[in-house]
Amino acid sequence: TLTPGVVSILDATSASVVGNYSITYVTNTSGVITKLPITLTAATNTKVYDGTRSAAATPTITGSLVSGDVGTYSETYDTKDQGTGKILTPTATIVDGTSAVMTGNYSITYVTKTDGEITKLPITLTAATNTKVYDGTISAAALPTITSGSLAAGDVGTYSETYDTKNQGAGKTLTPGVVSILDATSASVVGNYSITYVTNTSGVITKLPITLTA
């Protein structure tokens, strides 16, 4: 709707004479405001795996916002998993001076980037000391621990360790291993980690006592 108004009515001496008029204002409902076109382009981003699709880089805008409008821009990866050549997609929220959302008043062209990278998250898994009685296996009851780094928020790891041989003895090597690392959806994310395995050489297997009677 277009609404008319009087800026001024002046006489020959430039004096206002608007009060001398009884004005009827008739609106027009055929007004059109088209969206203002802008282009938002994702920026290159590289990060270490953190279990999310978020990116720290900020997209760039081509074109200008209307005076008083303020844009907040961000971008996300197509997946949270490690890898190269990943797609980064920009998004925008635009508000005016009253914090009212103005995004719908813009025709936004979103330009993706395909050079995003997520590197593996490094952790160190260290075997724990274990002592057991000979049982014919290389299994160990102790559980390894992460001694450097940590899992991404929401990921849960299950670990185990084994002896180098099943035979009795001291100074035996215990080697840690990952049973699984799962995210909150129970999907395997072990491939997103660069794992350094640290052995323990203080393992003990004692002899199994038996009694042999003639």
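Above this text is the structure in question.
Residues numbered from 1 in each chain as written. Predicted model: local features only at pLDDT ≥ 70, side-chain atom pairs only at ≥ 80, totals over all residues. Heavy atoms only, no water.

1. Focus on the pattern of salt bridges
Where we set the bar: For this analysis, a salt bridge means a side-chain nitrogen from Lys or Arg found within 4 Å of a carboxyl oxygen belonging to Asp or Glu. Put simply, DSSP H or I for four residues or longer makes a helix, DSSP E for two residues or longer makes a strand, and each gets a number counted from the N terminus. Between buried and exposed lies partly exposed: a residue is buried under 20% and exposed over 50% of the maximum accessible area for its type, with that area taken using a 1.4 Å probe on protein chains only.
The full count for this structure, using the stated rule, is four salt bridges. Residue Asp-183 is joined to Lys-80 by a salt bridge in which the shortest nitrogen-to-oxygen separation is 2.4 Å. Of this pair, Asp-183 sits in the loop between strand E12 (169-182) and strand E13 (193-198) while Lys-80 sits in the loop between strand E4 (70-77) and strand E5 (83-95), placing them 103 residues apart in sequence. A salt bridge links Lys-113 to Asp-115; the nearest nitrogen and oxygen atoms lie 3.7 Å apart. Residue class for Lys-113 comes out partly exposed when judged on its relative accessible area of 27%. Owing to a relative accessible area of 36%, Asp-115 belongs among the partly exposed residues under this scheme.

2. So, the nonpolar core
Definition in use: The definition of a nonpolar core used throughout is a set of buried Ala, Val, Leu, Ile, Met, Phe, Trp, Tyr and Cys residues joined through side-chain atoms within 4.5 Å. Whether two residues are in contact is decided by their heavy atoms, any of which lying within 4.5 Å being enough.
Within the largest apolar cluster, 16 residues are counted, with the highest numbers of intra-cluster contacts made by Tyr-49, Leu-151, Ile-181, Tyr-193 and Ile-195. Elements supplying a minimum of two residues to this core: strand E8 (121-126) and E13. With three residues, E8 is the largest single contributor of residues to this core. With sequence-adjacent residues up to four places away left out, Ile-181 is seen in contact with Leu-151, Asp-155, Val-156, Gly-157, Ala-187, Ser-188, Val-189, Val-190, Tyr-193 and Ile-195. By size, the runner-up hydrophobic cluster in this structure holds seven residues, among which are Leu-40, Ile-94, Tyr-106 and Ile-108.

3. A few points about the sheet that holds E12
Condition: Only when DSSP finds a minimum of two bridges between them are two strands counted as paired. Think of each axis as a best-fit line through the C-alpha atoms, taken over the contacting stretch in the case of a helix, with angles from 0 to 180 degrees between the N-to-C directions.
As summarised here, the arrangement of the four strands in space is E9-E14-E12-E11, forming an open sheet in which the pairing is mixed. Here the strands that pair on one side only, and so sit at the sheet edges, are strand E9 (131-133) and strand E11 (156-163). Averaged over neighbouring strand pairs, the angle between their axes works out to 40° when direction is ignored.

No statement about biological role is implied by the geometric values presented.
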